[in-house]
Amino acid sequence: MEDLDVVAWIQVSDGRMLAVRSRGRDLLYLPGGKREPGEDDWSALSREVREELDLELDRTSFRELGVIRAPAHDQPDFAHVRMACFTAAYRGAMAAAGEVDEYVYVGRGDRHLLAPAAQAALDLAERHGMLA
């Protein structure tokens, strides 16, 4: 079974990581998603963040934090998620949009609210010294 290959945005404010809840999902995920045909990481992530949070990412601050692999949650066609994680500054007023019903900032004590790949991203953010 193939991995679900996605890109994700790690955004941290006041030592807490941004997470979103997509419509009909029980756990929180990171903003991002699958690439469309021909998209590179930057194009896919900036499109997904615009669609989900109505924000524009800043290309000059875009950088990769790492790639994680974790069990897929709520994805019956995939056993695992391969998630390339990036950070970037943004412009705009954050708002839940598209298939996203809400966004929240989470800390270490909120792990149980996160899908497995988002938990791994939280650990990645911590390794980079981004969490309080």
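Worth saying up front: this structure is predicted, and the values here are computed from it rather than measured.

The rules behind the values
Residues numbered from 1 in each chain as written. Predicted model: local features only at pLDDT ≥ 70, side-chain atom pairs only at ≥ 80, totals over all residues. Heavy atoms only, no water. Helix = DSSP H or I, 4+ residues; strand = E, 2+ residues; numbered from the N terminus. Rg over C-alpha atoms; globule rule 2.2 N^0.38 Å. Contact = heavy atoms within 4.5 Å. Lys, Arg positive; Asp, Glu negative; His and termini not counted. Charge placed at Lys NZ, Arg CZ, Asp CG, Glu CD. Core = buried A, V, L, I, M, F, W, Y, C linked by side-chain atoms within 4.5 Å. Buried < 20%, exposed > 50% of the residue type's maximum accessible area, 1.4 Å probe, protein only. Pairing = 2+ DSSP bridges.

S.K.: Pulling in residues and values, what's your account of the overall build of the protein?
M.R.: A tally of regular secondary structure across the protein gives two helices and nine strands. Across the protein, helices and strands are ordered from the amino to the carboxyl terminus as β-β-β-β-α-β-β-β-β-β-α. Expected size for 132 residues packed as a compact globule is a radius of gyration near 14 Å; at 13 Å, the protein falls within 12% of this value. Projecting the C-alpha coordinates of the protein onto the three principal axes gives extents of approximately 40 × 35 × 25 Å. Within the protein, counting contacts between residues at least 6 apart in sequence, those at least 24 apart form 68% of the total. For the protein, the distance from the average position of its 16 positive side-chain charges to the average position of its 24 negative side-chain charges is 3 Å.

S.K.: Let's hear about the nonpolar core: which residues, and what values?
M.R.: Counting residues in each nonpolar core, the largest one holds 25 residues, and the members touching the most others are I10, M17, I68, M83 and L114. For this core, the elements supplying multiple residues, two or more each, are β1 (4-9), β3 (16-22), β6 (63-71), β7 (80-87) and α2 (116-127). It is α2 that contributes the most residues to this core, seven residues altogether. Ignoring any residue separated from it by four or fewer positions in sequence, one finds M83 in contact with V6, A8, L30, G66, V67, I68, A117, A118 and A121. Listed in part, the 17 residues of the second largest apolar core include L53, L55, F86 and M94.

S.K.: Requested: an account of the pairing of β7, with residues and values cited.
M.R.: With respect to burial, β7 is a largely interior element, six of its eight residues being buried. Both β1 and β7 contribute to a ladder of six bridges, which runs parallel. Across the sheet, the residue bridging to D5 is R82, located in β7. Here eight bridges tie β6 to β7, and the two strands are oriented antiparallel to one another. Note that in β7 the partner of A70 across the bridge is V81.

On their own, these measurements won't tell you what the molecule is for.
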